[in-house]
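What follows is each chain in one-letter form.
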Amino acid sequence: MESKRQQKFAGVIQEDLAAIFQREGINYLPNTLITITKVRVTPDLAIARVFLSFFNNTNTQLALQTIKLHASEIRYKLGARIKDQVRIIPQLEFFVDDTSEYVERMDKIFDKISKEDRQPETE
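Scoring rules and cut-offs
Residues numbered from 1 in each chain as written. Predicted model: local features only at pLDDT ≥ 70, side-chain atom pairs only at ≥ 80, totals over all residues. Heavy atoms only, no water. Helix = DSSP H or I, 4+ residues; strand = E, 2+ residues; numbered from the N terminus. Contact = heavy atoms within 4.5 Å. Buried < 20%, exposed > 50% of the residue type's maximum accessible area, 1.4 Å probe, protein only. Pairing = 2+ DSSP bridges. Axes fitted to C-alpha atoms, helices over the stretch in contact; angles between N-to-C directions.

Engineer: Tell me what's going on with the side chain of Thr-60, and back it up with residues and numbers.
Structural biologist: Here Thr-60 is to be found in helix 2 (residues 60-69). In contact with Thr-60, other than residues within four places in its own chain, are Phe-54, Val-96 and Glu-101.

Laid out in structure tokens, this is it:
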């Protein structure tokens, strides 16, 4: 369970990274919208695990690799934004948030189930 301090710090990182991706995201991945769905921070605030969602992109693994290649540049830009609020700038670890894909898959399963003929219940 995260402490209030971790949650607050994760919120600051999420906000600032969102602004960075909004402005600079086109340089990393053209024609792709990058959203930060969640940020988790270790108790010592040294590592931030950033979960990303990519829209208008067919190959999420390639997109994630591209972001990981630019991780040090993104960390530098984050540091410039939050340097007055923190002592150390956390290392950034990026992951794909596949929640939307999971929801789509579950919707398809539920649609398939609802379209099947229901058998009468017998006692």
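Engineer: A description of the environment of Ile-13 should follow, citing residues and the corresponding values.
Structural biologist: Looking at the element boundaries, Ile-13 is found in helix 1 (residues 4-28). Judged by relative accessible area, which is 0%, Ile-13 ranks as buried. Between the C-alpha atoms of Ile-13 and His-70, which are 57 residues apart in sequence, the distance is 17 Å.

Engineer: I'd like a rundown of the sheet that holds strand 2 (residues 47-55), residues and numbers included.
Structural biologist: Strand pairing in a sheet takes place through backbone hydrogen bonds and is either antiparallel or parallel in direction. Strand order across the open sheet formed by three strands is 1-2-3, with mixed pairing between neighbours. Edge strands, defined here as strands with exactly one partner in the open sheet, are strand 1 (33-41) and strand 3 (91-96). The mean angle between the axes of side-by-side strands here comes to 30°, regardless of whether they run parallel or antiparallel. The sheet contact formed by strand 1 and strand 2 spans eight bridges and is antiparallel. Its bridge partner being in strand 2, Lys-38 is matched across the sheet by Phe-51. Those strands touched by helix 1 are strand 1, strand 2 and strand 3, and its axis lies near 160° from that of strand 1. Across the sheet, helix 2 lies against strand 1, strand 2 and strand 3, angled at about 175° from strand 3, the strand it touches most.

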